[in-house]
Amino acid sequence: GQSLEQPSEVTAVEGAIVQINCTYQTSGFYGLSWYQQHDGGAPTFLSYNALDGLEETGRFSSFLSRSDSYGYLLLQELQMKDSASYFCAGLNTGGFKTIFGAGTRLFVKA
Amino acid sequence: NAGVTQTPKFQVLKTGQSMTLQCAQDMNHEYMSWYRQDPGMGLRLIHYSVGAGITDQGEVPNGYNVSRSTTEDFPLRLLSAAPSQTSVYFCASRESGNTIYFGEGSWLTVV
């Protein structure tokens, strides 16, 4: 089966850097994605790692280590609008199913 | 470009009633899925489809049926609604790549 673990809440200050970790257990794994969801809204895609290493997209970066079954999302220059829930998601090897973690609620304080 | 469209946005059902959540996408995506989201439990996969005529179960399929007669449409049917099915439901689609596009969600309450 597949499961992804991430912290339930993280709090950071505006302008700071925050890292949201994700560890996974899966029998067959194709890649790790990250999604953002604001209250009342739909999840939106942020980043995807198929290979080990760092992917950078503006203020957001995502890292994957397949040997450690671990990844993280790094948010830099935090803004108040970054307050949201962040989900890691694993795509199974067949590429058919995407399973989500329970989500990390990020609170950005002024 | 409408993307993924779900209806209805809000619905209240009585226990035992049946209903269908509609989902349509206009991006010609092969892969479509239904997720439910409950507080503190993230998004759980109910059913998914890899193309017209092909569906399979996800993590929490009990009490739900799906069909995929066309590439565009992927309705979710609740056969006999139960209070445990009170949730927010998201329809999603993607190409062969990894980016999932979600609908705006359907808030369902079963009383």
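Draft legend 1. Broad picture of the interface of chain B and chain A. Taken together, the contact pairs 21 residues of chain B with 19 residues of chain A. Buried area between chain B and chain A, summed over both chains or domains, comes out near 1600 Å², and the portion from carbon and sulfur atoms is 60%. Counting every contact that joins chain B to chain A gives 0 salt bridges. Counting across the interface, chain B meets chain A through 4 residue pairs in polar contact (both at pLDDT 80 or more).

Draft legend 2. Layout of the environment of Ala12(A). Residue and element names in this part refer to chain A. Looking at the secondary structure, you find Ala12 in strand β2 (residues 9-13). Among the residues examined, Ala12 registers a relative accessible area of 10% and is labelled buried. With 61 residues separating them along the chain, Ala12 and Leu73 place their C-alpha atoms 14 Å apart. Ignoring sequence-local partners within four residues, the contact set of Ala12 consists of Val18, Leu78, Phe107, Val108 and Lys109.

Draft legend 3. Examining the pattern of salt bridges more closely. What the rule picks out here adds up to 6 salt bridges over all chains. As a salt-bridge pair, Asp82(A) and Arg59(A) come within 2.8 Å of each other at their nearest N and O atoms. Residue Asp82(A) is located in the loop between β8 (70-75) and β9 (84-91), and its partner Arg59(A) is located in the loop between β6 (53-57) and β7 (60-65); the two are separated by 23 residues in the primary sequence. Each member of the pair Asp82(A) and Arg59(A) is classed as buried. Here Asp38(B) makes a salt bridge to Arg36(B), at a shortest N to O gap of 3.0 Å.

Definitions and limits used
Residues numbered from 1 in each chain as written. Chains lettered and ligands numbered in written order. Predicted model: local features only at pLDDT ≥ 70, side-chain atom pairs only at ≥ 80, totals over all residues. Heavy atoms only, no water. Contact = heavy atoms within 4.5 Å. Buried area = accessible area lost by both parts, 1.4 Å probe. Salt bridge = Lys/Arg side-chain N within 4 Å of Asp/Glu carboxyl O. Polar contact = N/O pair within 3.5 Å; in protein donor to acceptor, adjacent residues only side chain to side chain. Helix = DSSP H or I, 4+ residues; strand = E, 2+ residues; numbered from the N terminus. Buried < 20%, exposed > 50% of the residue type's maximum accessible area, 1.4 Å probe, protein only.

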